[in-house]
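As a plain string of letters, each chain reads:
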Amino acid sequence: MISLSHVYKAYGNQQVLNDVSIEFPPGQVTSLIGPNGAGKTTLLMLIARLQAPTRGELKLGGRSIASIPIRDYAKQVATLRQAPEFNLRLTVEELVAFGRFPYSRGNLTAADHQAIDEAITFLSLQALRLSYIDELSGGQRQMAFLAMTIAQQTDYLLLDEPLNNLDMKHAVLIMRALRRLCDEQGRTVILVVHDINFAANYSDHIVAMKRGAVHCHGPVAQVVNEACLRDLFDLDFEILRSEQGFVCNYFNPSTSRELI
Amino acid sequence: MSRLLARYGVWLLVLALALGFLLLGSGLDFAYVIPKRLTRLAAIGIAGVCIAYASVIFQTIAGNRILTPAIMGYEAIYLLFQALLILLLGTQSLVLLGRHGNVLLSILLMLGYSWLIHRWLFRNGRNNVYMLLLLGLVLSMVMATFTQFIQLKISPGEFSILQGFNYASFNKAQPAQVIYSGLLVALVCLLVQRTLPLLDVLSLGRDQAISLGVDYLRSVSLQLALIAVLVAVSTSLVGPTAFMGVFVANITYALARTNRHRVTLPMASAIAIALLIIAQYLVEQLFNYNTSVSILINLVCGVYFLTLMVRTRGSA
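Here the structure is a predicted model, which means the values were calculated and not measured.

## Overview of the overall build of chain B
Right, on to step 1. When its secondary structure is counted, chain B shows 13 helices and zero strands.
Right, on to step 2. Reading the helices (α) and strands (β) of chain B from amino to carboxyl end gives α-α-α-α-α-α-α-α-α-α-α-α-α.
Right, on to step 3. The C-alpha radius of gyration computed for chain B amounts to 20 Å, which stays within 12% of the reference 20 Å derived for 316 residues, consistent with globular compactness.
Right, on to step 4. The proportion of buried residues among the 316 residues of chain B is 54%.
Right, on to step 5. Surface accessibility of chain B: about 14600 Å² in total, with carbon and sulfur atoms responsible for 70%.
Right, on to step 6. Looking at charge distribution, chain B has the averaged site of its 20 positive side-chain charges lying 6 Å from that of its 7 negative ones.

This is how it looks when you write it as structure tokens:
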């Protein structure tokens with residue numbers, strides 16, 4: 001289990017995280033939601049060890065993460081950031097093979113090749129296996145990067161806005177894949193996501209953040225309600241519940257029309 | 001198929017050029033001409049490997065294809081050091097240190113320099129490569145100005161010695177210098193050989209590298225230290241070659257069509273060596289020693305650098 005106790009993070013004078021204490025339930029999909037600048041990504045980067053906290057402690061399975069050697073940490077926690085401008089000439093297979101680096105340090109064994117095959121098959125990328133990354137569409141590229149992270153075979157997956165700039169089909173494909181990773185393989189997935197409807201329909205647990213602090217958190221049904229979301233985003237919400245899940249309408253909720 | 005051809009073709013080209021350089025117009029004089037040429041050829045080989053490795057590894061760390069170690073002020077500090085030696089000790093310094101003492105001292109100094117830059121910038125756990133590059137650029141301008149100032153203070157005789165450092169050439173390479181430079185570079189290459197997969201991971205960028213279990217700070221400082229040694233050796237052999245690294249690295253990426261360092265490093269070395277052999281041959285046979293390899297290389301590669309700048313600006 002990943003837990004934070006009294007974590008602070010400041011960039012210069014700017015306080016980004018302010019006394020955050022929270023636990024992430026294992027074996028579940030947890031979405032971090034909240035307005036821009038709430039500190040969601042910073043929180044994720046702290047867990048990924050891409051940044052160090054100014055104060056406070058993060059623990060993985062009861063052990064302070066700073067005391068775990070980084071090469072061992074990479075066997076337990078895998079991180080996927082938004083894939084930046086990428087001008088490397090790599091095939092999908094070569095990219096996915098990088099996911100085995102924590103284990104093989106570059107010399108792939110039979111077990112590594114099997115893990116690569118499994119990750120590629122899991123996301124149905126067989127047809128793109130030998131395609132070059134820079135010739136793929138944004139959605140396909142994101143799938144390839146996700147395959148690399150899956151090949152890392154870690155208990156924890158951290159994803160920073162994995163749906164950014166994706167069309168609806170690829171966004172759904174990615175979220176379904178994360179759901180299956182959790183349900184079929186028992187992995188813990190923590191992601192930052194902006195689309196409240198994806199968060200509401202695909203995660204088990206939601207952590208809502210506002211101004212560097214946890215605004216509210218809990219199981220989806222508990223967090224996704226009109227009052228909480230209105231406070232969080234300063235927007236009116238109308239939540240339509242059906243058997244399949246929730247649809248959060250913030251485009252033209254009937255409540256705000258009454259106000260006008 | 002075409003990729004294999006490119007991979008081995010460059011080495012065939014190097015072999016042909018090397019043989020041509022050794023034998024053309026030598027009169028098969030194995031007593032004097034050919035041993036002399038062999039020494040120059042060895043110096044060219046060493047310098048080529050240095051320039052290629054330093055540039056490709058540096059571009060991997062910086063995540064940028066228009067930069068070379070020269071931008072970080074590595075060459076500038078070497079030249080400033082030479083100027084300072086002449087100013088403080090006069091021509092005595094040549095006798096005092098000898099040529100080998102000078103080179104070794106320069107390497108130590110540049111290691112210290114790269115450690116300092118790295119240390120100072122990474123001290124808060126912030127590690128911004130762009131900040132590092134900006135600092136290097138400003139520092140190299142400052143150092144170049146100091147060097148010019150010193151040149152005004154020294155006597156004409158001392159100035160001509162300093163010019164010899166600024167425009168080092170293969171013609172002056174001594175067998176002893178070639179041997180210990182070669183050993184040093186072989187050692188560095190051996191170290192790099194062991195970290196080839198790590199370099200591939202570093203090319204994915206800082207965040208992805210850390211996420212894959214790389215001790216990023218340590219790896220980058222090790223690679224920067226290796227680059228410092230390589231640049232010291234190459235600058236003492238050919239003088240400053242600011243633009244050559246950009247040329248060599250980019251031609252390599254285009255030909256190799258992969259970013260695997262297992263492929264790019266040897267290929268870049270071959271291209272650098274071929275380029276240096278051609279330049280040296282032109283200097284000897286066509287220009288009759290009236291120009292230096294450094295000037296020729298910077299002329300050709302500088303033009304390429306400009307076109308690269310214009311082209312990437314158009315596409316960005």
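## Quick word on the environment of A:Ser131
Right, on to step 1. Among the structural elements, A:Ser131 can be located in the loop between α5 (110-122) and α6 (138-151).
Right, on to step 2. For the pair A:Ser131 and A:Ala221, spaced 90 residues apart in sequence, the C-alpha to C-alpha distance is 42 Å.

## A closer look at the interface of chain A and chain B
Right, on to step 1. At the interface, 26 residues of chain A touch 21 residues of chain B.
Right, on to step 2. Taken as a group, A:Leu50, A:Phe98 and A:Phe101 account for 29% of the area that chain A buries against chain B, more than any other trio of residues on that side.
Right, on to step 3. Here chain A is connected to chain B by two salt bridges.
Right, on to step 4. At the level of secondary structure, the elements contributing two or more residues to the side of chain A that touches chain B comprise α2 (70-73), β6 (77-80), α3 (92-98) and α4 (101-104) of chain A.
Right, on to step 5. Broken down by element, the side of chain A that touches chain B gets its largest block of residues, four residues, from β6(A).

## Notes on the sheet that holds strand β7 (residues 156-160) of chain A
All names here are of chain A.
Right, on to step 1. Read across the open sheet, the six strands follow the order β6-β7-β8-β3-β9-β10; overall the sheet is mixed. For this open sheet the edge positions go to β6 and β10 (213-219), each flanked by a neighbour on one side alone. Neighbour to neighbour, the strand axes of the sheet diverge by 15 degrees on average, direction disregarded.
Right, on to step 2. Two strands pair when backbone bridges link them, and strand β3 (residues 29-33) and strand β9 (residues 205-210) are joined in this way by four bridges, in the parallel orientation. Paired with Ile33 across the bridge in β9 is Ala208.
Right, on to step 3. Here helix α1 (residues 40-48) sits on the sheet and contacts β3, β6, β7, β8 (188-192) and β9; the angle it forms with β7, its principal contact strand, is near 145 degrees.

## Considerations on the nonpolar core
Right, on to step 1. Counting residues in hydrophobic clusters, the biggest one holds 190 residues, and the most contacted among them are A:Leu4, A:Phe24 and B:Leu276.
Right, on to step 2. Considering each element in turn, this core owes the most residues, 16 residues, to helix α2 (residues 33-62) of chain B.
Right, on to step 3. With sequence-adjacent residues up to four places away left out, A:Phe24 is seen in contact with A:Met1, A:Ile2, A:Leu4, A:Thr30, A:Leu32, A:Leu43, A:Ile47, A:Ile190 and A:Val207.

## Notes on the UniProt feature "transmembrane region" (unreviewed entry) in chain B
Residue and element names in this part refer to chain B.
Right, on to step 1. The residues that UniProt annotates with the feature "transmembrane region" (unreviewed entry) are residues 41-64, 76-97, 103-122, 129-150, 263-283 and 289-310.
Right, on to step 2. For residues 41-64, the end-to-end C-alpha separation is 31 Å, with 92% helix and 0% strand making up the annotated structure.
Right, on to step 3. The span residues 289-310 is 82% helical and 0% strand by assignment, and the distance between its end C-alpha atoms comes to 33 Å.

## What to know about the sheet that holds strand β1 (residues 2-11) of chain A
Residue and element names in this part refer to chain A.
Right, on to step 1. The strand order β2-β1-β4-β5 describes an open sheet built from four strands, whose pairing is antiparallel. Of all strands in the sheet, those with a lone pairing partner are β2 (14-24) and β5 (63-64), marking the two edges.
Right, on to step 2. Looking at chain direction, strand β4 (residues 55-60) and β5 are connected through two bridges and run antiparallel. Within β5, the residue paired with Leu60 across the bridge is Arg63.

About the thresholds
- Residues numbered from 1 in each chain as written.
- Chains lettered and ligands numbered in written order.
- Predicted model: local features only at pLDDT ≥ 70, side-chain atom pairs only at ≥ 80, totals over all residues.
- Heavy atoms only, no water.
- Helix = DSSP H or I, 4+ residues; strand = E, 2+ residues; numbered from the N terminus.
- Rg over C-alpha atoms; globule rule 2.2 N^0.38 Å.
- Buried < 20%, exposed > 50% of the residue type's maximum accessible area, 1.4 Å probe, protein only.
- Areas by Shrake-Rupley, 256 points an atom, 1.4 Å probe, with all protein chains shown as cover.
- Lys, Arg positive; Asp, Glu negative; His and termini not counted.
- Charge placed at Lys NZ, Arg CZ, Asp CG, Glu CD.
- Contact = heavy atoms within 4.5 Å.
- Buried area = accessible area lost by both parts, 1.4 Å probe.
- Salt bridge = Lys/Arg side-chain N within 4 Å of Asp/Glu carboxyl O.
- Pairing = 2+ DSSP bridges.
- Axes fitted to C-alpha atoms, helices over the stretch in contact; angles between N-to-C directions.
- Core = buried A, V, L, I, M, F, W, Y, C linked by side-chain atoms within 4.5 Å.
- UniProt positions renumbered as here; feature names shortened; annotations may be inferred.

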